[in-house]
Amino acid sequence: MADTCDTINGVAGSEPLSQRDVALRVLDQCLSERETISSKPIVNILAPDVTTRIRQSLSRPGRSPLSLDTLLDAADVIFRHRVRMDHPRFFGFIPSPANHASWLGEILNSAYNTHAGSWMQSSGPSAVEMELLNWMACEIVGFPTTAGGCFVSGGSMANLTALTVARDQKLKFEDRPRAVVYLSTQTHSSVVKGLKVLGFHEDQIRMIACDSDFRISVSDLKDAITVDRSSEKIPFLLVGSAGTTNTGTIDPLQELADLSVKEGLWFHVDGAYGASALLSRSQRPLFCGIERCDSLSWDAHKWLFQTYGCGMVLVRERKMLTSSFSMSAEYVQDAMETEETLPNFWNYGIELTRPARAMKLWFSLQFEGLDKIESQIEHGVEMAKLAERTLQGLSDWEVLSPAQLGILCFRYRPDKPGLASLDALNQKISRAAIEENLAAPLTTRLNGVLTLRICCIHPDLEEDEMTRIIHGLDRIAQRQPEPETTNGG
Ligand SMILES: Cc1ncc(COP(=O)(O)O)c(C=O)c1O
């Protein structure tokens, strides 16, 4: 076929656009979005009439192609309606401050369209994946040289992959019904989801309480294990967090590692959010003990500034991954010749066909250099501390969880007699801040209390902007009418 994309030009009588022209037009639209993101709405959710329009006239393919202009306009309408997770003032969930280089690496990746399942199909990208994983596991985390891992789509898949290995290493098949897992009330929900996918029942999952700093209570944990052992259960897995989603808290990893050794448990750490801070020399000491875990989840699409679909699962003994996931079939025999010495990553996880996810991380780490990444991570940590200091200079604000790994939880709590629902008041503050496009601090609950929460890890967020946002929240808070009935808080 000629170098044209005549299915796309679609305008009667016009010259067909070359593939290059089409690509450049698409890139141009993407660049405009990226360049102007700070001035765009942070949260834009479809109104019912636009939903109907998108569903009825923009979604289903027609027999004839659309013109490129029409198609790009439609893309703009569709994509405009989203939360800009990569907006510097989006503070909800875990934002996605994906950097320019990651996006470009993704473009490279999809253009080369590598099948990264086997060494034969992707020896170049597989060599990079192998080495990045080695570097992260052995040099950054501190695992022994037996360690390895696999790139996966994100934290949920990393957790599921690790939990599968834990089950296979620690349990005989017939013992599975009596097996018990320990996690904390602050553990990310994807861990429970993964356990359910693996066939464990809710009765087999112990949600251990946390202390006042939202760290798993080791004494409660020990008690729970004792009770389970005395009733013929089989404790086999302990999950710690290195950066919880709610508060950025790191569990007492040394103590958990000690307990795991003593009790013969598999020790998995969910570092999907926090593990990136291992690249910061100032934050690294907080993770002491992480090098003793058996497996670790670490998401590059969170705090390593990658576009979505880039997570890692690391294990202390890489052969345990292949022991759980290795399969063979006659139709892949040509790809199995190197198996003994070189990785076929389809044997390290659940996916057979998989994109070369490591390549965008490789591209952006090489493009930016580690010094810049380190300072950008530390910037996020500092921004949350700045927000906390700014709040402390204002009256009527209460910090519910101090700044940790770029996350801060706080609420407005005016000292007024007979004041009613603080939960409703703080929910309104969050909504008003979003409506004004001041910023998007969303809410969560800590010990049942509604709190504003900011996760402010975008490197483009500047200090004076953060101060302005906190003062803006104060202004919004003060103009809220007082709620009428007493409940909550
Ligand atoms: C601590 C933690 N673990 C796991 C996950 C799940 O990761 P993903 O959304 O990439 O599947 C998240 C997501 O925010 C998280 O914060």
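Residues numbered from 1 in each chain as written. Predicted model: local features only at pLDDT ≥ 70, side-chain atom pairs only at ≥ 80, totals over all residues. Heavy atoms only, no water.

## So, the packing of aromatic side chains
How two aromatic rings sit relative to each other is set out by the distance from centre to centre and by the angle between their planes. This is how the line gets drawn: Pairing of aromatic rings covers Phe, Tyr and Trp, the last counted by its six-membered ring, and requires centre-to-centre distances within 6.5 Å; plane angles under 30 degrees mean stacked, over 60 mean edge-to-face, and any other angle means tilted. Only DSSP runs of H or I reaching four residues or more are called helices, and only runs of E reaching two or more are called strands; each is numbered from the N terminus. Only protein chains enter the accessibility calculation, which uses a 1.4 Å probe; a residue is then buried when its area is under 20% of its type maximum, exposed when over 50%, and partly exposed in between.
Taken as a whole and judged by the stated rule, the model has eight aromatic pairs. Between tyrosine 273 and tryptophan 303, the ring centres sit 5.1 Å apart and the planes meet at 5°, which makes this aromatic pair stacked. Remark: tryptophan 303 occurs in helix H11 (residues 300-303) and tyrosine 273 occurs in the loop between strand S5 (266-270) and strand S6 (295-299); sequence separation between them is 30 residues. A single burial state applies to tyrosine 273 and to tryptophan 303, both of which are buried. The rings of Trp362, Phe363 and Phe367 are connected pair by pair, giving a single aromatic cluster.

## Some thoughts on the site of the ligand
Convention followed: The rule for a residue being near a molecule or strand is that one of its heavy atoms must lie within 4 Å of it. In protein, a polar contact means a hydrogen-donor-capable atom and an acceptor-capable atom, both N or O and within 3.5 Å, with residues adjacent in sequence counting only if both atoms are side-chain atoms; elsewhere, any N or O pair within 3.5 Å suffices. Using a 1.4 Å probe, the Shrake-Rupley method yields the accessible areas, and only the shown protein chains count as cover for residues.
By nearness alone, 14 residues border the ligand, and Gly155, Ser156, Thr245, Asp270 and His301 come closest of all. With respect to the ligand, the backbone of glycine 155 contributes an N or O atom lying 2.9 Å from an oxygen atom. Contact distances for the ligand include 2.9 Å between an oxygen atom and a side-chain N or O atom of aspartate 299. For the ligand, the protein covers 81% of the area, taking 390 Å² as the surface of the free molecule.

## Describing the confidence of the model for the chain
Rule in force here: The score called pLDDT rates the predictor's confidence residue by residue, from a low of 0 to a high of 100. It only takes one pair of heavy atoms within 4.5 Å for two residues to be counted as in contact.
Mean pLDDT over the chain: 94, with 95% of residues reaching 70 or higher. The low-confidence segment residues 1-8 (pLDDT under 50) makes 18 contacts with residues lying over four places distant or belonging to another chain.

## Remarks on the sheet that holds strand S9 (residues 407-412)
Short version of the rule: When DSSP finds at least two bridges between two strands, those strands are taken to pair. Under this scheme, a helix contributes an axis fitted over its contacting stretch, all axes are lines through C-alpha atoms, and angles between N-to-C directions fall in the 0 to 180 degree range.
Reading across from one edge, S8-S9-S11-S10 is the order of the four strands in this open sheet, with antiparallel pairing throughout. The two strands at the open ends of the sheet, each matched to only one other strand, are strand S8 (397-404) and strand S10 (442-446). Put simply, the sheet's adjacent strands are angled 30° from each other on average, direction ignored. Note: S9 against strand S11 (residues 449-455), four bridges, orientation antiparallel. For leucine 408, the partnering residue across the bridge sits in S11 and is isoleucine 454. Relative to S11, helix H15 (residues 422-435) is tilted by about 30°, and along the sheet it contacts S8, S9, S10 and S11.

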